[in-house]
Amino acid sequence: MRELDQAKDAFVTPAEPAPVASAPAETVTRAAGAGRWPRRRRVVALLLTAAFASVGLGGAPGLTAAPTFTLLEALAAALAAFSLATYVPLPGTG
């Protein structure tokens, strides 16, 4: 019975916590994807949005003739451009 109590105490008694290797806050933030995009990603996204919108709306008869179509086309161009801009590497990574 005494051996059982000793074994039980071994599980209940907390051991010293293992040292945890911590990364700098900037690395953690960058890895989590939080924060603002770097300037070059924003510039690429805006340039691609303009390019996609001009190609998509280039053959449209008039921008005011179908405002819903124009809005959807612009939204699709922006979504595609911002999706492609995620492939621009972060500073210091490529």
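Residues numbered from 1 in each chain as written. Predicted model: local features only at pLDDT ≥ 70, side-chain atom pairs only at ≥ 80, totals over all residues. Heavy atoms only, no water.

*Asks:* Just give me the short version of the packing of aromatic side chains, but keep the residues and values in it.
*Replies:* In the structure shown here, the tally under the stated rule is 1 aromatic pair. The positively charged end of arginine 41 is found above the aromatic ring belonging to tryptophan 37, 5.6 Å away from the centroid. (Phe/Tyr/Trp six-rings, centres within 6.5 Å; stacked < 30°, edge-to-face > 60°. Lys NZ or Arg CZ within 6 Å of the ring centre and 35° of its normal.)

*Asks:* Account for the confidence of the model for the protein, with residues named and values stated.
*Replies:* The predicted model of the protein has a mean per-residue pLDDT of 76, with 59% of residues at 70 or higher. Summarising per-element confidence for the protein, the mean pLDDT is lowest in helix H2 (residues 25-32) (52) and highest in helix H4 (residues 67-85) (90). (pLDDT = per-residue confidence, 0-100. Helix = DSSP H or I, 4+ residues; strand = E, 2+ residues; numbered from the N terminus.)

*Asks:* Give me the lowdown on the packing of helix H3 (residues 39-57) against H4, citing residues and values where you can.
*Replies:* Axis separation between H3 and H4 bottoms out at 8 Å; the angle between their running directions is 145°. In the packing of H3 onto H4, the handedness of the crossing is right-handed. Side by side, H3 and H4 meet where Arg41, Val44, Ala45, Leu48, Thr49, Phe52, Ala53, Gly56 and Leu57 of the first sit next to Phe69, Thr70, Glu73, Ala77, Ala78, Ala80, Ala81, Phe82, Leu84 and Ala85 of the second. (Axes fitted to C-alpha atoms, helices over the stretch in contact; angles between N-to-C directions. Left-handed = near helix turned anticlockwise from the far one by under 90°. Contact = heavy atoms within 4.5 Å.)

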